[in-house]
Amino acid sequence: MAETVIHTENLTRKFGNFTAVDAISFEVSKGEIFGFLGANGAGKTTAMRILCGLLAPTSGVAKVAGYDVYTETENIKKHIGYMSQKFSLYNNLTVRENIHFFGGIYGIPKRELKEKSEELISRLGLTQEADKLVGSLPLGWKQKISFSTAILHEPKIVFLDEPTGGVDPITRRQFWDMIYEAAHRGITVFVTTHYMDEAEYCDRVSIMVDGAIAALDTPEELRNQFEAKDMDEVFLRLARGAKRGE
Amino acid sequence: MNTLKYLLQKEFKQIFRNPTILRLIFMMPVIQLILIPLAADYEIKQINISVVDQDHSPYSNRLTQKLLSTGYFQLAEYGNSYQESLKAVGEGDSDIILTIPPDFEKQLIKEDGAKLHLAADAVNGIKAGLGTAYASQIIADFNREVREEWVQFPRFSPLPLVEITSAGWYNPHISYYLFMVPGILAILVTMVGSFLAALNIVAEKEAGTIEQINVTPVKKWQFILGKLLPFWVLGMVSITLGMVVSFIVYSILPVGSFFTIYVFSAVYLLGVLGIGLLVSTFADTQQQATLFAFFFMMIFILLGGLYTPIESMPNWAQWLTKINPPAYFIEVIRAVYIKGSTFKDLLPDFGMMIAFAIGFNWLAVRNYRKRSA
Amino acid sequence: MKLFLAFVKKEFQHLLRDRRSMMILIGLPVMMMLLFGFALSSEVKNSSIGILDNAKDESSRMLIDRLDHSQYFSVVKFLDREQEIDQTFRRGEVRIVVIFPPNFDHDLRHSNSAQIRFVGDASDPNTSNIVINYASAVVRDFQNELFGTMKMPYQITTETRMLYNPQLKSSYNFVPGVMTLILMLLGAMMTSVSIVKEKEMGTMEILLVSPMKPLLVVLSKAVPYLALCFVDVILILLMAVFILDMPIAGSLPLLLAESLLFILTTLALGLLISANVESQQVAMFISLVGFLMPALVFSGFMFPIENMPKPMQIISNIVPTKWYYSIVRAIMVKGLGFSYVAKQTGILVVMTVIFFVAAIKKFKVRLE
């Protein structure tokens, strides 16, 4: 068994009377691609925000990269990368300036940052566009830059919140290539998605229903367990029982 | 320290790339400083008068001539129907009506006393008050002339008199520009500091990029400082620009020292930025932020003594002005500009500004939760 | 039409859900009415004055006492030397200093002529003038009382009447002003910003591909603000009548009709702005600098238009707020009928049509 980078036990978060996240427990190990599925309102985003140190849990245990989410959020933030469903680069900065900025605030030394960003720009094939404002680029490119920026400081875990929303199939494919590559380098990938074909690419998948984890296993095991032909069917079976919708 | 450097770099790049902010910074001082002082001339120079002369005597004629010769009044109408003149007032063509009743001259000479009627459009109370006061004074002068023609007074007045002389210091030519310009400089700094800073932070909330910053190791104070410092610089730029404009357009220079102005501006801006930060913590959209900023700006300016003196306010409002930062700053800038007040003169105000700077920023930081509970 | 109503309903829900903004949109007119009504006045009360008494005799003490007891002044500082005046002013401690000469009492009683000097801090020329005038009045009263008044021959008495506003209330001036300003803010600024926001977010495209005419989409966004404008007008009128005791002298239906016209004018302006700009910040900037400031400066409620330099007086004619302000004043305060405001109404109608046509033209070009 590889090193555990995310560990939760009965993690719960309430908003008033509403229990957004209901005693979830799971573990994610190093280099794993962990799919985090669920219908809208199932509690995915809340759980993710807790793990990123943006939101304090109500009860339960959670450790990310070995740090406690109650007390050591600043340490967590140093060791994670994050890319949200909303586009999260600055539209009125250029590609190069965005990479410099985010690399800079993660404390990458200046010389190293320079090398890294040039290397990244050429790897993404953006040499021509490096000094264009990000706002003028197509969405698919922005998402790729966004992901690369999120892992520029070599975090232990990268959280991806619906990273491929609104992107064409070819770009999605390329995007997943980048995810595999990152995982190969030892970066744990924690990803939420709405695309069930993407769930098949994950090492393990958890499906949240009404704030709790309804199923957690490899895609293959899940298919067998529910006697389904694909993940779509697995998801529909589980989500149909949900009480809260949008 | 390095993180802050990156944040500042980013902020300045974005500001210089945003034409709206740049236009705001450069055009606001120019437009405000040119428009408002030119408009804010409260001196009532010309009052349109309708004379309803039902007497048509040499005396009524003389009185009319005397009124018009002073320069305060301009003849809007000369007739003999009060109703006609009333209509002119309704339409705004005339401000004041003098009615000289029939037999005015006869009564004055034969019966030792006569009556005149003044009616003023009092929608604008100040103008009405001044107009009737001027007219009454001219009538009293006329009265004295007439009296002197008929009565021989002894050489020495038997009435003891207190002779009053008055002088206005610092502004002998009664220039309203001199009064308004420094006040507007103060308002300018306030707007740049609070409004722009609030808008900027909220714009980042709206775009979602603030989430991205929140998951990075950037600390609360670093983020806030990274946001506020650029606007502090912009605030200092805008007051400098404002002073240049007021010199070019009105040839107004501070009597006191630039040093005093800059020291006060520097500390005051910190407080104002705190207000901007506070507004940004309450607002989720730029539209909300604008509304909040506008709301508070309105209160601040109206209760800041820019238009009406603070001591004329009722007690509760005066108490409010004590916690109104622009009220202090307007007073300070005016004092330094017009009277040449020194830093030492204004020490109590300086203390208050430091208190504001600390107070508002403390409130804002407490409210700004990087980690929403 | 049904579709249009559905859109309007959605926009209403949007606006109503934003509690904080609603509070401000309703609270702003209330706050302004209260401040103008109860807090702000240029009347002088309790002005701080300083005394430099070189006489220190009976008459000077009596007069100082008289000044201090008047509601206009409070004596806060006694100076010893003339050199102290400058510093007192620089610290902003007093508005004027009253200087008594040595032998004030003697001069007054024996040579029948005593001198008093007022030195005012004219950095605020208006206030300093008013304070000096009031102080002079107190001195004159004192003098008259000391020696009684004599009946004069050939006396002209002047009877003065204040038309429309016998108690000289300042509310008659500012209530129309607050209405003008609020409508400009809501109608032009809020509408344009909310439309431009959809453009900025990219959601405008989605609305535009819906089966509704583009112009109606845009109009549906403006309707809630129109309604809110009307609510604010009624709120202001209610406060004017019941809190500030300012009756509506003219016809209420006419006043409301004219207000509706002006609301349409501001809406047309808002549309015009939103048709021309792409970002919220620009929309705000234009409405703030281009419309709200001129509304404040040129409507004539804070600054008298006839005192402005000629070029500015000419510019004021193209500012719609000036005309609406004068309409409201004529109807509400002077109680005049439609024939008096026909000209202003005509001008507003023409302006509104021009703005609308310009906005529609621009939208058409962009959307087709």
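No experiment lies behind these values; they were computed from the predicted model shown.

### Some details on the overall build of chain B
And step 1. Summing up its helical and strand segments, chain B has 14 helices and five strands in all.
And step 2. Taking 21 Å as the expected radius of gyration for a compact globule of 373 residues, we find that chain B reaches 29 Å, considerably beyond that expectation.
And step 3. Residue burial in chain B is summarised as follows: out of 373 residues, 58% are buried.
And step 4. A fraction of 78% describes how many contacts in chain B between residues 6 or more apart in sequence connect residues 24 or more apart.

### Details of the overall build of chain A
And step 1. Of regular secondary structure, chain A possesses nine helices and ten strands.
And step 2. For 246 residues, the compact-globule formula gives about 18 Å, and the C-alpha radius of gyration of chain A, at 18 Å, lands near that figure.
And step 3. Seen through its C-alpha atoms, chain A measures out along the principal axes to roughly 50 × 40 × 35 Å.
And step 4. Evaluated residue by residue, chain A yields a buried proportion of 53% over its 246 residues.
And step 5. Long-range contacts, defined here as pairs at least 24 residues apart, represent 68% of the contacts in chain A between residues at least 6 apart.
And step 6. Per element, the accessible surface of chain A, about 10,700 Å² overall, is 49% carbon and sulfur.
And step 7. Within chain A, one finds 29 positive and 34 negative side-chain charges whose respective centroids are separated by 5 Å.

### A closer look at the UniProt feature "transmembrane region" (unreviewed entry) in chain B
All names here are of chain B.
And step 1. As annotated by UniProt and renumbered to match this structure, "transmembrane region" (unreviewed entry) occupies residues 21–40, 176–202, 229–253, 259–279, 291–310 and 346–365.
And step 2. For residues 176–202, the helix share is 100%, the strand share is 0%, and the end-to-end C-alpha distance is 38 Å.
And step 3. Annotation note: span residues 346–365, helix share 95%, strand share 0%, distance between end C-alpha atoms 29 Å.

### As for helix H13 (residues 325–339) of chain B
And step 1. For H13 of chain B, spanning 15 residues, the distance from its first C-alpha to its last is 21 Å, which sits close to the expected 21 Å at 1.5 Å a residue.
And step 2. One or two positions beyond H13 of chain B, positive phi appears at Gly340 of chain B, with a value near 70°.

### Brief notes about the packing of aromatic side chains
And step 1. This model, assessed by the stated rule, comprises 32 aromatic pairs over all chains.
And step 2. Between Tyr90 of chain A and Phe101 of chain A, the aromatic rings sit 5.8 Å apart at their centres with planes inclined by 75°, giving edge-to-face as the arrangement. Of this pair, Tyr90 of chain A sits in the loop between strand S6 (80–83) and helix H3 (95–105) while Phe101 of chain A sits in helix H3; the two residues are eleven residues apart in sequence, bridging distant segments of the chain.
And step 3. One aromatic cluster is present, built from ring pairs that chain together Phe26, Phe34, Phe36, Phe159 and Phe190 of chain A.
And step 4. Between Arg173 of chain A and the ring centre of Tyr201 of chain A, over which it is positioned, the NZ or CZ distance is 5.2 Å.
And step 5. For the cation-ring pair, Arg334 of chain B lies above Phe179 of chain B, with the distance from its terminal atom to the ring centre recorded as 3.8 Å.

### Points about the interface of chain C and chain B
And step 1. Across the boundary between the two partners, chain C contributes 104 residues, which contact 111 residues of chain B.
And step 2. Together, Arg90, Tyr154 and Ile156 of chain C form the three largest contributors to the area buried by chain C at its contact with chain B, with a combined 9%.
And step 3. Where chain C meets chain B, there are seven salt bridges.
And step 4. For the salt bridge of Lys334 of chain C with Asp121 of chain B, the shortest nitrogen-to-oxygen distance reads 3.3 Å.
And step 5. Linking chain C with chain B are 22 residue pairs in polar contact (both at pLDDT 80 or more).
And step 6. Here the side of chain C that touches chain B takes twelve residues from helix H2 (residues 19–39) of chain C, the largest share from any one element.
And step 7. Partitioned by chemical class, the residues of the side of chain C that touches chain B number 59 nonpolar, 27 polar and 18 charged.

### Describing the domain arrangement of chain B
And step 1. What the domain assignment reports for chain B is domain 1 (2–40 + 176–372) and domain 2 (47–150).
And step 2. Spacing between the C-alpha centres of domain 1 of chain B and domain 2 of chain B amounts to 50 Å.

### Observations regarding the sheet that holds strand S2 (residues 73–79) of chain B
And step 1. Within the open sheet, the five strands sit side by side as S2(B)-S1(B)-S3(B)-S4(B)-S5(C). Their pairing is mixed. Of all the strands in the sheet, the pair left with one neighbour each is S2 of chain B together with strand S5 (155–163) of chain C. Neighbour-to-neighbour, the strand axes of the sheet open up by a mean angle of 25°, direction not taken into account.
And step 2. Alignment of strand S1 (residues 47–53) of chain B against S2 of chain B, held across six bridges, turns out to be parallel. Its bridge partner lying in S2 of chain B, Ile49 of chain B is registered against Leu75 of chain B.

### Section: helix H4 (residues 82–90) of chain B
And step 1. All of the buried residues along H4 of chain B are Ser85, Ala88, Val89 and Gly90 of chain B.
And step 2. Remark: Gly92 of chain B follows H4 of chain B within two positions and exhibits a positive phi of approximately 85°.

### Here's the deal with the sheet that holds strand S2 (residues 18–29) of chain A
Residue and element names in this part refer to chain A.
And step 1. Taken in spatial order, the four strands of this open sheet run S2-S1-S4-S5, and their pairing is antiparallel. In this open sheet, the two strands that pair with only one neighbour each are S2 and strand S5 (67–68).
And step 2. Examined bridge by bridge, strand S4 (residues 59–64) and S5 share two bridges and lie antiparallel to one another. Bridge pairing in S5 links Val64 to Tyr67.
And step 3. Contacting strand S1 (4–15), S2 and S4, helix H1 (residues 44–51) runs over the sheet at an angle of about 120° to S1.

### Considerations on the environment of Phe292 of chain B
And step 1. The residue Phe292 of chain B is located in helix H11 (residues 286–302) in this model.
And step 2. According to the relative accessible area criterion, Phe292 of chain B is buried, its value standing at 6%.
And step 3. Aside from chain neighbours lying at most four places away, what touches Phe292 of chain B is Val279, Phe282 and Ala283 of chain B together with Arg20 and Ile24 of chain C.

### Topic: the side chain of Gln287 of chain B
And step 1. By the element assignment, Gln287 of chain B lies in helix H11.
And step 2. Once residues within four sequence positions are removed from consideration, Gln287 of chain B is found in contact with Met190, Val193, Ser194, Lys197, Tyr225, Gln280 and Met284 of chain C.

### Let's talk about the pattern of salt bridges
And step 1. Summed over the entire model, instances satisfying the criterion amount to 40 salt bridges over all chains.
And step 2. Across the pair Arg91 of chain C and Asp345 of chain B runs a salt bridge whose closest N-O atoms are separated by 3.8 Å. With Arg91 of chain C in the loop between helix H4 (84–90) and strand S3 (96–100) and Asp345 of chain B in the loop between H13 and helix H14 (347–367), the pair connects residues from two separate chains.
And step 3. On the basis of relative accessibility, which here comes to 30%, the residue Arg91 of chain C falls in the partly exposed class.
And step 4. Residue classification places Asp345 of chain B among the buried positions, given a relative accessible area of 5%.
And step 5. Three or more residues joined by partner-sharing salt bridges are found here, namely Lys10, Glu11, Glu204 and Lys227 of chain B.

### Examining the environment of Leu51 of chain A
Residues and elements named next belong to chain A.
And step 1. Along the chain, Leu51 turns up in helix H1.
And step 2. A residue is classified by how much of its surface remains accessible, and Leu51, at 1% relative accessible area, is buried.
And step 3. Residues in contact with Leu51, not counting those within four places in the same chain, are Ile6, Thr8, Leu11, Phe26, Ala62, Val64, Val69, Ile76, Phe159 and Phe190.

The rules behind the values
Residues numbered from 1 in each chain as written. Chains lettered and ligands numbered in written order. Predicted model: local features only at pLDDT ≥ 70, side-chain atom pairs only at ≥ 80, totals over all residues. Heavy atoms only, no water. Helix = DSSP H or I, 4+ residues; strand = E, 2+ residues; numbered from the N terminus. Rg over C-alpha atoms; globule rule 2.2 N^0.38 Å. Buried < 20%, exposed > 50% of the residue type's maximum accessible area, 1.4 Å probe, protein only. Contact = heavy atoms within 4.5 Å. Areas by Shrake-Rupley, 256 points an atom, 1.4 Å probe, with all protein chains shown as cover. Lys, Arg positive; Asp, Glu negative; His and termini not counted. Charge placed at Lys NZ, Arg CZ, Asp CG, Glu CD. UniProt positions renumbered as here; feature names shortened; annotations may be inferred. Expected span 1.5 Å × (residues − 1). Phe/Tyr/Trp six-rings, centres within 6.5 Å; stacked < 30°, edge-to-face > 60°. Lys NZ or Arg CZ within 6 Å of the ring centre and 35° of its normal. Buried area = accessible area lost by both parts, 1.4 Å probe. Salt bridge = Lys/Arg side-chain N within 4 Å of Asp/Glu carboxyl O. Polar contact = N/O pair within 3.5 Å; in protein donor to acceptor, adjacent residues only side chain to side chain. Nonpolar A, V, L, I, M, F, W, Y, C, P; charged D, E, K, R; others polar. Domains from an automatic or database assignment. Pairing = 2+ DSSP bridges. Axes fitted to C-alpha atoms, helices over the stretch in contact; angles between N-to-C directions.

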